[in-house]
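Coordinate inspection notes
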Amino acid sequence: MQLIFHPSRGEEIMGGLKTNCRVSAVVIFAVCVGVAGLLGLLTPIPNGCNMTYMYPTYIPIPLHPSNINFSSAEGKYGLYLYHEGWKKIDYDLHLLKLSGVPVLFIPGNGGSYKQVRSLAAESDRAFQGGPLEHTFYQEASFTPEEVVRRYSSTKRNILEEDWEIRNLFSSVKGTPQYSNRLDWFAVDLEGEHSALDGRILEEHTEYVVKAIHRILDVYKESFNARSKDNRENVGTLPRSVILVGHSMGGFVARAASIHPHLRKGVVETILTLSSPHQSPPVALQPSLGHFFSRVNKAWQSGYQIQRTRSGHWISDPLLSDVVVVSISGGIRDYQVRSKLTSLDGIVPSTHGLTIGATGMRNVWLSMEHQSILWCNQLVVQVSHAMLHLIDQSTGQPFSSTQKRLAVFVSNLRSGIPQSFDWMRSVQFQHYAEHLPIEKEEDLGSLGKLRIKDQFCCPKSIQWEDDSHERDLYIESTTVTVLAMDGRRRWMDIKRQASDGRDHFVLVTNLVPCFGVRIHLWPEKSRLALRDVPAVKRVMEVTSKMVHIPAGPAPRQIEPGSQTEQAPPSAVLRLGPDELRGFRFLTISVAPRPTVSGRPPPAASMAVGQFFSPREGKVKFSPQSLLLSSYKQQDVTLQENHPLVMNFSFSISMGIFPVALNLKTLGCGIKDSLLATEKTGDEEHSSLCKLRCFPPVALVWDTESGLYVIPNLYSDTVTVDSSPALWGSRQDSGKTTLLLLVDPHCSYKISVSVSLTGAASRFLLLHGSQIIGFSMAVLFFSLMQQARAWELDLPLPSVLSAIESNLRLPLPFGFLAVGPLAVYMLLALLGTEPCPPFASFVIVSIVSYTFANGAVVVLTLSTQLIFYLTACIQVFFKQRWQAWEGRFHMSFIHQFIDRFSVFSSFQVVRMLRGRPTLTVAVIVTVLIAFLHPALGLIVLILSHAWCCHTALCSFLAPSFRSHPHRKGDWQNSKFKADIFPQADSSMTAGVKLEDSHSPTPDSAISFGETQLEAFNYQQGIFLLHLAATAMLIPSFVAWGQRLGMDHSIPWFLDSALSLGFYCYLSGLALAPYRAFYALAAVGLLSLCFRVIKRRYRERGDFNLNRRHSHRH
């Protein structure tokens, strides 16, 4: 047998194989990422929150009829007052006794007014129990950047400004007892899904404004009633209401504060919990996106001086007295990411505070979207912060915005810097880098005099045995404390801080002032000794220690027995600027029996070290991180390593979560009974835990803040950052991890990228992008079909169009990279910050590729469904015709004839004769007067029926043929277009336009015509299917309101419903803008249909395709 090879045929087959491989790779990528991401998102994560318990009572507050009449009916929603206690009370009498500070809770999407119970119960306990016990850790304050903004706005002397700030924070800490309680109100919004419909948000805003007015009226009525009774303590009439909102309730609170019907000055403080401020979590509806945009623009202008167009002053900023605090749940809040909770660009830092729960004082936890309402650690801290807002003299919140902001900063922020700034001094030298100061020496001298006593322990705390006879002098650079022995350790700064080791760090579980004290001693020069006594020249820096969360403390099996090393609970860092001018550093440990009357810890520890930041730096490049997903990267730390290890990741952990595994290799146990080969096993590890303290990781992220991970031996570290989204800062592309490890032990640190975590983060962060890109992919496929129609070529299927759009370098480069260039150009002309270029481009292209794979999977699924239904119908129709010819079924014909009389009606004949017009009328009515989703569902059914009819017409000849020809469909053109990947050797790579003659006289069969009709209808079907899926959430919210006398949705969602535009909308996280493209396509189609009909009436058929049918 002689084999003849045709080069053209070989190239054709190889091209088809490339096409199939390209599409298959895209589908496999999309399926793998989707499955891995869903598994990661659905995997349960343990929650470290404690439950909150309460005895709730909800008192209904009827709305007064004299209030302003809004468009929404009063009967929809309700207002309640919370009361804590198990005893029954008289509601009317209780309302007459109201004299506290009013707080209004606004629930979020699908939330209940009863969710106020945790916050209200804990604030009641906090009021009765008083402020939390004062500790002597370093307190939080304004960051240097915030001080600079205050200085630039007030134009005051920096020393006076700083002195006022310190007095402000000291007054906040010195509250002995709360002067007034919080009265918690809550609005009942019927559990409506406000995150799905903009109109619902508007109605909630209107009712909240009404509720605020009613609450103030209730207090006025109570005040007047007490005044008539001539009571001595009538209290102070509140002038404002504190708003607390969860999820979408936080945005409703901001929207209510700028409502035109709101009384002036009645809202001055807003606290939001996991609330989206930048944009909706999933912007699928036009009215929702426009409402967010309108409110944010009003807030941006609300902090600016109101002027006329000519520049004349009108009024001060409308929101100058409003302070907003936004708390995010962190990495475990899948519904509202940290980036959405940011107030950047909306509220200036002089009036706003954004903080994550992971970096909150005494909280240190990431929590789910609903857990933030009942997590006891967070609820307690928020309750005390709100009680600190109350002025002791008036019993109402401070009128000063800076005082209120200082209260939140000191109560919510931790003492740990909110950014990785430990390698620089945090004293006045830091301010000097930002402020225009004429005499820097004045700043240093006066500033140091004022802060000298800031970090000292109070004189009331005295140790029983404070002698120095048992002092120890440490010769090495590392000092270790393993017991509360009452000794003082001396370290020579000049000798031990040599060779660049000019930083000192101390980790301990001893309480500052009660368990340990740190002092700096000056040079012992003759001049210094002659002028000033040495005691007065000693500086105490004990209260510079910052508090960190400690892991579970080891249990002491029996008194006197040895336990595992305790986890550290405090960190002290001293930089070169703070050590300059001093010769000695002392660490004084209290004697064990006298720790302020409290029981000493089971194990005491403190480890300090002079170190150089350069020694502990480890940088992971992008290449090493990518390779770590296959082979983990190992870092070995020998004994006497730096206590502080600085791990720098070139790719943010918000994109690639990193799995860290720390294994103890040794701990200086030379003479143990263990064999050499057993080093590192469980027994050896347990012995090392007796000497080495558990590692602690501190992670800084520019967007989500601080993460602290105690007892880090094996964990997946990730941050809630989104550096690949537009609007992110340039420095968000990297993550810094500070690892505190015991220098006495050696470790093996394994680093690897978690692929499951990366996939889940990808779906979570870029879901809106993928939705917009999917719409763009469908428009691009329709573009290919439109091009074939214009060139009088066979219409390609959706799969074939997607295949052609995936070809490299064109058209994939034009369709995927072109919109990116346009978007970046437009954004650069705007005011938004630019994200890291590489991350933005790469992740956007990956999102576009994933969208292509998702659309291919959707296309194949719908094709399979259409094919099966068409086969079933044709099969049963053929069998029915055979049975009808074989048997006489006159009774069935009589039954059909009786009902066929309805077809003679003129209306029925008109509808049957013009099905397109009928569908258009029905869709228009449903969209305009009910809901856009209903109209799109009708369109989907219409296109599905057209697809089904076309396939049935195509398959009918095959079923009417002889039995030996039933398998001919496998080799037909249907298989090449419907399932192009079924037989690569026969159909793959054969271009539709190449398999037919492009001449105007080309003729195609009736079956091929029906196949083209199917291809066209399927593209339109998929486009409307995607649009319907985007409106389904809004439709669900609308359906919930049926029967409740609610208004119909806006006409905007139906009237404003182009591939590049959808692509750009996806980049802007606003996929709802795809409806604008749909509306434009619909309008153009209508215009072209009218033009075509006019040409047809004139007898000009040049616009029609010149195809003849071959039967």
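Scroll up for the structure.
Please read these numbers as outputs of a predicted model, since none were measured by experiment. (Residues numbered from 1 in each chain as written. Predicted model: local features only at pLDDT ≥ 70, side-chain atom pairs only at ≥ 80, totals over all residues. Heavy atoms only, no water.)

Helix H8 (residues 286–302) packs onto helix H6 (residues 198–228) with a crossing angle of 45° between their chain directions and a minimal axis gap of 7 Å. Relative to H8, H6 is oriented oblique. Side by side, H6 and H8 meet where Gly198, Arg199, Leu201, Glu202 and Thr205 of the first sit next to Ser287, Leu288, Phe291, Phe292 and Arg294 of the second. For the contact of H6 with H8, the per-class residue count stands at four nonpolar, three polar and three charged. (Axes fitted to C-alpha atoms, helices over the stretch in contact; angles between N-to-C directions. Helix = DSSP H or I, 4+ residues; strand = E, 2+ residues; numbered from the N terminus. Parallel < 35°, antiparallel > 145°, perpendicular 65-115°, else oblique. Contact = heavy atoms within 4.5 Å. Nonpolar A, V, L, I, M, F, W, Y, C, P; charged D, E, K, R; others polar.)

This next bit is on the state of the cysteines. Counted according to the given criterion, the structure contains three disulfides. Disulfide partner of cysteine 49: cysteine 375, at an S-S distance of 2.3 Å. Negative torsions about the S-S bond denote left-handed disulfides, and the value of about -90° found for cysteine 49 with cysteine 375 makes this one left-handed. Taken together, the residues cysteine 49 in the loop between helix H1 (7–42) and strand S1 (56–60) and cysteine 375 in the loop between strand S10 (352–356) and helix H10 (376–387) connect sequence positions 326 residues apart. (Disulfide = S-S within 2.5 Å.)

For the rest of this paragraph, the subject is the pairing of strand S19 (residues 582–589). Most of S19 sits out of view: seven of its eight residues are buried. Relative to S19, strand S13 (residues 488–492) runs antiparallel, the two being bridged by five bridges. In the sheet register, aspartate 492 faces S19, and the bridge partner there is phenylalanine 584. Of the strand pairs in this sheet, strand S15 (residues 516–522) and S19 are connected by seven bridges, and their pairing is antiparallel. From the neighbouring strand, proline 522 faces S19, where its bridge partner is phenylalanine 582. (Buried < 20%, exposed > 50% of the residue type's maximum accessible area, 1.4 Å probe, protein only. Pairing = 2+ DSSP bridges.)

This next bit is on unusual backbone geometry. Peptide bonds are, in most cases, trans, and in most cases residues other than glycine have a negative phi. Note that the residue after leucine 810, namely proline 811, is joined by a cis bond; omega there is 5°. Inspection of the secondary structure puts proline 811 in the loop between helix H21 (798–805) and helix H22 (812–829). Unusually for a residue other than glycine, asparagine 362 sits at a positive phi of about 65°. Turning to its location among the elements, asparagine 362 is positioned in the loop between S10 and H10.

Enumeration over the complete set of coordinates arrives at 16 salt bridges. Across the pair glutamate 221 and arginine 214 runs a salt bridge, and its minimum N-O distance is 3.2 Å. Classification of glutamate 221 as partly exposed rests on a relative accessible area of 38%. Overall, arginine 214 belongs to the buried group, its relative accessible area being 7%. For the salt bridge of arginine 263 with aspartate 217, the shortest nitrogen-to-oxygen distance reads 3.6 Å. With arginine 263 in the loop between helix H7 (248–257) and strand S6 (269–273) and aspartate 217 in helix H6, this pair connects stretches of sequence that are 46 residues apart. Since its relative accessible area comes to 36%, arginine 263 is described here as partly exposed. The structure contains a network of salt bridges with shared partners spanning Lys76, Arg199 and Glu203. (Salt bridge = Lys/Arg side-chain N within 4 Å of Asp/Glu carboxyl O.)

A separate point is the nonpolar core. Phe647, Phe649, Leu737, Leu739 and Ile749 are the most contacted members of the largest nonpolar core, which has 86 residues in total. For this core, the leading source of residues is helix H23 (residues 837–886), giving eleven residues. Excluding its chain neighbours within four sequence positions, the residues that come into contact with isoleucine 749 are Gln633, Asp634, Val635, Leu637, Phe647, Leu660, Asn661, Leu662 and Leu739. Counting residues in hydrophobic clusters, the runner-up holds 52 residues, among them Tyr80, Val323, Met367 and Val382. (Core = buried A, V, L, I, M, F, W, Y, C linked by side-chain atoms within 4.5 Å.)

Turning next to the packing of aromatic side chains. On inspection of all chains with the given rule, the structure shows 22 aromatic pairs. Aromatic pair phenylalanine 251 and phenylalanine 291: ring centres 5.8 Å apart, planes at 80°, arrangement edge-to-face. Of this pair, phenylalanine 251 sits in helix H7 while phenylalanine 291 sits in helix H8, and the two are 40 residues apart along the sequence. Taken as a pair, phenylalanine 251 and phenylalanine 291 share a single burial class, namely buried. Between phenylalanine 762 and phenylalanine 850 the ring centres are 5.8 Å apart and the planes differ by 75°, which places this aromatic pair in the edge-to-face class. Linking phenylalanine 762 in helix H19 (residues 755–765) with phenylalanine 850 in helix H23, this pair joins segments that are 88 residues apart in sequence. For the pair phenylalanine 762 and phenylalanine 850, a shared accessibility class is recorded, and that class is buried. Lying across the ring of tryptophan 299, arginine 254 places its NZ or CZ 5.3 Å from the centre. (Phe/Tyr/Trp six-rings, centres within 6.5 Å; stacked < 30°, edge-to-face > 60°. Lys NZ or Arg CZ within 6 Å of the ring centre and 35° of its normal.)

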